[in-house]
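Chain by chain, the residues run as shown.
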Amino acid sequence: MSEQDKKPPTPTPTGLGFRRGLTNYGDPKFSIYLRRSFARSMGYSREMLDKPIVGICHSASGYNNCHRDMPALIDAVKRGVLAAGALPIDFPTISLGETFLTPTSLKYRNLMSMDVEEMIRAQPMDAVVLIGGCDKTVPAQLMGAASADIPTVQVVTGPMSTSRYKSERLGACTDCRRFWATYRAGKITDAEIDQVEGRLASTTGTCAVMGTASTMASIAEALGMMPAGAAAVPAVDADRLRIAEASGKLAVSLMGSDMRPSKIITEKSVENALRVLLAIGGSTNAIIHLTAIAGRLGIKIDLKRLNALSDTTPVLVDLKPSGSGYMEDLAAAGGVPAVMRELKPLLHLDCITITGETIGERIDAWEPWVDRNVVRPLKEPLQAVGGLVALFGNLAPNGAILKRAAADSALFEKEGRCVVFESLEDLSNRIDAPDLDVTADDILVLKNAGPMSEACMPEAGYLPIPKKLAAAGVKDIMRISDARMSGTAFGSVILHVSPDSASGGTLALVENGDRIRLSVSKRSLELLVDEKTLAARRAKRPPAPPPAVRGHSWLHDQFMTQAEEGCDFSFLKKEGACSGKV
Ligand code: FES
């Protein structure tokens, strides 16, 4: 008897297929007859129409370079679904290409999540495979799928491969910023920066470093929402297609089971994901996104708990922007399972994953080889404590985030004079002015770039070093704002100050020349201005601009929450924050 013959027969997949969620004409038999009739116009045989269905929720778009190879991934998922005996049907949703959206992709993440949730629920499918990649797409897909709560498998497009500029290895987008800073400092020419521009992103896939997309892929894997090892495999590798095929098969096996997001994404698995986020030196944006995903299932992430986890989770992975490697190096080094194996004593090993095994079983089954240049042992970490830390104080009563792994620790305990920019426009008008009164010892403060601002929390928290300081060789300066920062950026940057200035937080009251005291060891961020003066400034604030009167911007203005709430719309969280029907 061959090995093949010994295997138990594959069970016939079960599911309602096209009979699920009928369009209401007042006669269910007519509804299925009509639905099948229209489906037949797509060339399906009657046999196919009787099969259970895996929906393939994808975000391909000509406006999203990171999703360039999505058609091939969709085909591979379909292959897996068909091989397992079900019918694959793909459908598009909104796609968010990070650099193609104004004012910023965050503004549309919740809208995309609503599209994902409603289309999963409204269309007939027994399980769904999500295919995302670029920064906001995976969070939006997981948020929507968590709310729809049917069996779900996440697939990502995978990271770009690096290219070369002269003898240097290049990858979007930490190197984008590094070269741009060099150009701003007058150290390379227009012709050179043009050549670099053409080399930074030279394959399909998501940014090549541990930016937000790679962090969210790692988090999806750590949560258990994708197969082991699936996060880091490069976009151009044939394994990426094999993962998509396997995910299609997996989705079929989940049909009719209770393996839904609500079973996989739990308080414990969210804590595992936070540990992984800290150990990989991941993006600050991931705190917002993971909070939003967890919030869809009623799980709250407490920033004080984040600090406790950060103090006990070392940075183990040596990738840019905090370290030196690229995602392709992590894939070759053993991927996320190799990181989780190091974290084993700190993880909840009994969390169940979408493939049916526990996190502990996944770790034990993973190939034992690991490249120690990329994934350090728990006892010899890259940094003794986690990459992110939350700060609190009168400037940020609800918290602010510092990516200490990518910051200059010489600036962690400091008091400095504020150089204030009232808005992004003010910043771009004055940051390079030769007469800007600024020294390397000052603190740059940017207002009106938080979630409630018109700019909707862009990745502008990485304020450029004023040109005259950059030209003098200054490489870092403390910066504070209510904005976000790209996961590919680095520097001493305090972000997500909450409440933000547009909603009247203390940040709105900071004036030029005020002093701020920062203590990372005490987790504190204090504006050294007395309460009476602050009250007087508050009384003089101009009235807030009127909210939008229609469309998605109206929803945003009415229901957007602050960073510590994940910037989700309040009515989309599990517990609901709206009165009335939602
Ligand atoms: Fe899409 Fe960086 S621009 S992941």
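The rules behind the values
Residues numbered from 1 in each chain as written. Predicted model: local features only at pLDDT ≥ 70, side-chain atom pairs only at ≥ 80, totals over all residues. Heavy atoms only, no water. Salt bridge = Lys/Arg side-chain N within 4 Å of Asp/Glu carboxyl O. Helix = DSSP H or I, 4+ residues; strand = E, 2+ residues; numbered from the N terminus. Buried < 20%, exposed > 50% of the residue type's maximum accessible area, 1.4 Å probe, protein only. Disulfide = S-S within 2.5 Å. Pairing = 2+ DSSP bridges. Axes fitted to C-alpha atoms, helices over the stretch in contact; angles between N-to-C directions. Contact = heavy atoms within 4.5 Å. Parallel < 35°, antiparallel > 145°, perpendicular 65-115°, else oblique. Left-handed = near helix turned anticlockwise from the far one by under 90°. Nonpolar A, V, L, I, M, F, W, Y, C, P; charged D, E, K, R; others polar.

Chemist: Go over the pattern of salt bridges with me, naming the residues and quoting the values.
Modeler: Taken as a whole and assessed by the stated rule, the structure comprises 40 salt bridges. The salt bridge partner of lysine 320 is aspartate 175, with a shortest N-O separation of 2.9 Å. Taken as a pair, lysine 320 in the loop between helix H14 (303-311) and helix H15 (327-333) and aspartate 175 in helix H7 (residues 174-184) lie far apart in primary sequence, 145 residues in all. In this structure, lysine 320 and aspartate 175 share a single accessibility class: buried.

Chemist: Outline the state of the cysteines, supporting the account with residue identities and numerical values.
Modeler: All chains considered together, the criterion is met by one disulfide. Note on cysteine connectivity: cysteine 173 is disulfide-linked to cysteine 176, with sulfurs 2.1 Å apart. Measuring the twist about the S-S bond at about -115°, one finds the cysteine 173-cysteine 176 disulfide to be left-handed. Left unpaired, cysteine 567 is separated from the closest cysteine sulfur, that of cysteine 456, by 7.2 Å. Residue class for cysteine 567 comes out buried when judged on its relative accessible area of 1%.

Chemist: Provide a residue-level description of the sheet that holds strand S1 (residues 53-58), including the pertinent values.
Modeler: Pairing is parallel across the open sheet formed by four strands, whose spatial order is S2-S1-S3-S4. Only two strands of the sheet have a single partner each, and these edge strands are strand S2 (87-92) and strand S4 (152-156). Across the sheet, the axes of successive neighbouring strands diverge by a mean angle of 20°, strand direction being ignored. Packing against the sheet, helix H6 (residues 137-148) makes contact with S1, strand S3 (127-132) and S4, and its axis sits at approximately 160° to S3. With respect to the sheet, helix H10 (residues 238-254) is in contact with S1, S3 and S4, its orientation differing from that of S4 by roughly 170°.

Chemist: Let's hear about unusual backbone geometry: which residues, and what values?
Modeler: The step from threonine 102 to proline 103 runs through a cis peptide bond, and the omega angle for that step is 0°. Relative to the helices and strands, proline 103 resides in the loop between S2 and helix H5 (106-122). Across the junction of lysine 320 and proline 321, the peptide omega takes the value 10°, indicating a cis bond. Unusually for a residue other than glycine, lysine 166 sits at a positive phi of about 55°. Residue placement: lysine 166 occurs in the loop between strand S5 (163-165) and strand S6 (168-170). Although it is not a glycine, cysteine 567 sits at a positive phi angle of roughly 55°. Mapped onto the elements, cysteine 567 comes out in the segment after helix H21 (551-559).

Chemist: Give me the lowdown on the packing of H6 against helix H13 (residues 285-295), citing residues and values where you can.
Modeler: Remark: H6 packs on H13, axes separated minimally by 8 Å, with the N-to-C direction vectors making an angle of 15°. In terms of orientation, H6 lies roughly parallel with respect to H13. As for the relative orientation of H6 and H13, their crossing is right-handed in sense. When H6 is examined against H13, the residues Pro139, Leu142, Met143 and Ala146 are found in contact with a partner set consisting of His289, Ala292 and Ile293.

Chemist: Break down the packing of H5 against H6 for me, citing the residues and quoting the values.
Modeler: Where H5 meets H6, the closest approach of the two axes is 7 Å, and the angle between their N-to-C directions is 40°. The pairing of H5 with H6 is recorded here as oblique in orientation. Of the two possible hands of crossing, H5 and H6 adopt the one that is right-handed. In this structure, H5 uses Arg109, Asn110, Met112, Ser113, Val116, Glu117, Ile120 and Arg121 to contact H6, whose residues at the interface are Thr137, Pro139, Ala140, Gln141, Met143, Gly144, Ala145, Ser147 and Ala148. Looking at the contact of H5 with H6, its residues break down into eight nonpolar, six polar and three charged.

Remember that the coordinates give geometry; whether it matters functionally is a separate question.
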